[in-house]
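# Fold and geometry: a report
Each chain, written out:
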Amino acid sequence: MTKSGGRAARTIALVGLCLAFTAFFLALGGWQVQRRAWKLDLISQVEQRIHSEPSSPPGPDRWASLSQASDGYRCLRLTGRFANDRETLVQAVTTEGPGFWVMTPLHTDQGFDVLVNRGFVSAERRAPGARLAAQVEGPVTVVGLLRLTEPHGGFLRTNAPAENRWYSRDVAAIGQASGLSNLAPYFVDADATPNPGGWPIGGLTVVKFPNSHLVYALTWFGLALLTGGAAVYVLLDARRNRVKETP
């Protein structure tokens, strides 16, 4: 192969590589645009659910079809009786500081159980005896948001049911440890309605969805522009060299 032929082959290979990366980055940018549209739609749906009229808790006939996309943060109204002797404390860090979520089974009037996150308590209030007024025995009504189970534990921490140490609200594991056989696969974050005695503190649900897709899209499109520009530069440079070599 002649010197000019080798240079042409290298130019073609380099331009081809730049164009391949350009197409790849454009595809990633387009995907992020689609993800952004999906996320904005999800946020809009969740906002509507949060502020809608409370509905009845989904029963066993709907449990298998529940999903975050269609049911997460749906506003519910539950009636029944708390099983205070089976409450579970899950470690939490909130705007009130570090402490615990109080997860108490509610025997609903519909005949099944739902774990209710009654709210936050500090370490000093973790013992039921430190908040006796909230250990309601009679019928109650709870309004709150449907949350899907949080299996496998928290960040770098694994739930230890045998030691009664919980770092995430794993409904199935908590139900098994508490001896609950007809437990819904979701839990409910109670709203800010004050509990007797002031503890637990409800209404601390954080509803926030990271939405950096526009930044990611602009990043990928920027890289596509750079690699596309590099391809053009290589072609123009090769053309200049051919002109210089022409007698």
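In this text the structure is predicted, and so the values were computed from the model without any measurement.

## Points about the overall build of the protein
Scanning the protein from terminus to terminus reveals 4 helices and 6 strands. From first element to last, N terminus to C terminus, the protein shows the α and β order α-α-β-β-β-β-β-α-β-α. Here the protein has a C-alpha radius of gyration of 29 Å; the compact-globule value for 247 residues is 18 Å, and the former is much larger. Nonlocal contacts in the protein, meaning residues at least 24 apart in sequence, comprise 65% of its contacts between residues at least 6 apart. For the protein, the exposed surface amounts to about 14200 Å²; the carbon and sulfur share of it is 60%. Each charge class in the protein can be summarised by its mean position, and for the 25 positive and 19 negative side chains these summaries are 16 Å apart.

## Quick word on the packing of aromatic side chains
With the rule as written, the count across this model stands at 4 aromatic pairs. Centre to centre, the rings of Phe24 and Phe25 are 5.8 Å apart; their planes meet at 50 degrees, and the pair counts as tilted. Residue Phe24 is classed as partly exposed on the basis of its relative accessible area, which comes to 46%. Here Phe25 falls in the buried class, since its relative accessible area comes to 11%. Measuring from centroid to centroid gives 5.5 Å for Trp63 and Phe112, while their planes differ by 85 degrees, and the two rings are edge-to-face.

## Let's talk about the pattern of salt bridges
Evaluation of the coordinates by the stated rule reveals 8 salt bridges. Ionic pairing is found between Arg62 and Asp71, a salt bridge with its closest N-O pair at 3.0 Å. Judged by its relative accessible area of 3%, Asp71 is buried.

## A closer look at the environment of Glu137
Take Glu137: it is sitting in the loop between strand S4 (113-121) and strand S5 (140-148). Put simply, Glu137 and Leu226 are 89 residues apart on the chain and 67 Å apart in space, counted from C-alpha to C-alpha. Excluding its chain neighbours within four sequence positions, the residues that come into contact with Glu137 are Arg81 and Asn84.

## Looking at unusual backbone geometry
In the segment running from Trp199 into Pro200, the intervening peptide bond is cis, with an omega of -5 degrees. For Pro200, the position within the fold is in the loop between strand S6 (183-190) and helix H4 (213-245). One non-glycine residue with positive phi stands out, namely Tyr73, at about 70 degrees. Relative to the elements of secondary structure, Tyr73 occurs in the loop between helix H2 (68-71) and strand S1 (75-82).

## With respect to the layout of surface pockets
Using a probe with the size of a water molecule, rolled over the atoms, empty space left in the structure can be pinpointed. Quantified by volume, the largest pocket comes out at close to 240 Å³. For the lining of the largest pocket, the secondary structure elements donating two or more residues are S4 and S5. Ranked by residue count, the leading element in the lining of the largest pocket is S5, at 4 residues. Here the lining of the largest pocket is composed, by residue class, of 9 nonpolar, 4 polar and 2 charged.

## Brief notes about the nonpolar core
Ranked by size, the top nonpolar core spans 16 residues in total, and within it Val114 and Tyr186 carry the most contacts. When neighbours within four sequence positions are excluded, Tyr186 is seen to be in contact with Pro57, Pro58, Trp63, Leu66, Leu76, Phe112, Val114, Leu115, Leu146, Arg147, Leu148 and Val171. Formed by 13 residues, the second largest nonpolar core is a distinct cluster that contains Val90, Ala92, Phe120 and Ile174.

## Focus: a nonpolar patch on the surface
A contiguous nonpolar surface patch, about 380 Å² in accessible area, is contributed by Leu14, Leu17, Phe21 and Phe24. When you line up the elements, Phe24 lands in helix H1 (residues 3-50).

## Some details on the pairing of strand S2 (residues 88-94)
For S2, the buried fraction is high: 5 of the 7 residues fall into the buried class. Sheet analysis places S2 next to strand S3 (residues 97-108), joined by 7 bridges and oriented antiparallel. The residue bridging Leu89 from the neighbouring strand is Val102, located in S3. Between the end of S2 and the start of S3, which pair antiparallel, lie 2 residues.

## Structural notes on the side chain of Thr227
Mapping Thr227 onto the fold places it in helix H4. Assessed through its relative accessible area of 16%, Thr227 is described here as buried. Of the polar contacts made by the side chain of Thr227, one reaches the backbone oxygen of Ala224; its length is 3.1 Å. Once you skip the residues sitting within four places of it in the chain, Thr227 turns out to touch Cys18, Phe21, Thr22 and Phe25.

Scoring rules and cut-offs
Residues numbered from 1 in each chain as written. Predicted model: local features only at pLDDT ≥ 70, side-chain atom pairs only at ≥ 80, totals over all residues. Heavy atoms only, no water. Helix = DSSP H or I, 4+ residues; strand = E, 2+ residues; numbered from the N terminus. Rg over C-alpha atoms; globule rule 2.2 N^0.38 Å. Contact = heavy atoms within 4.5 Å. Areas by Shrake-Rupley, 256 points an atom, 1.4 Å probe, with all protein chains shown as cover. Lys, Arg positive; Asp, Glu negative; His and termini not counted. Charge placed at Lys NZ, Arg CZ, Asp CG, Glu CD. Phe/Tyr/Trp six-rings, centres within 6.5 Å; stacked < 30°, edge-to-face > 60°. Buried < 20%, exposed > 50% of the residue type's maximum accessible area, 1.4 Å probe, protein only. Salt bridge = Lys/Arg side-chain N within 4 Å of Asp/Glu carboxyl O. 1 Å grid on protein atoms, 1.4 Å probe; cavity = no way out; pocket = protein on both sides within 12 Å on 5 of 7 lines; lining within 4 Å. Points joined across faces, edges and corners; volume = space filled by probe spheres on them. Nonpolar A, V, L, I, M, F, W, Y, C, P; charged D, E, K, R; others polar. Core = buried A, V, L, I, M, F, W, Y, C linked by side-chain atoms within 4.5 Å. Patch = residues over 30% accessible without salt bridge, like charges linked within 9 Å, V, L, I, M, F, W, Y side chains within 5 Å. Pairing = 2+ DSSP bridges. Polar contact = N/O pair within 3.5 Å; in protein donor to acceptor, adjacent residues only side chain to side chain.

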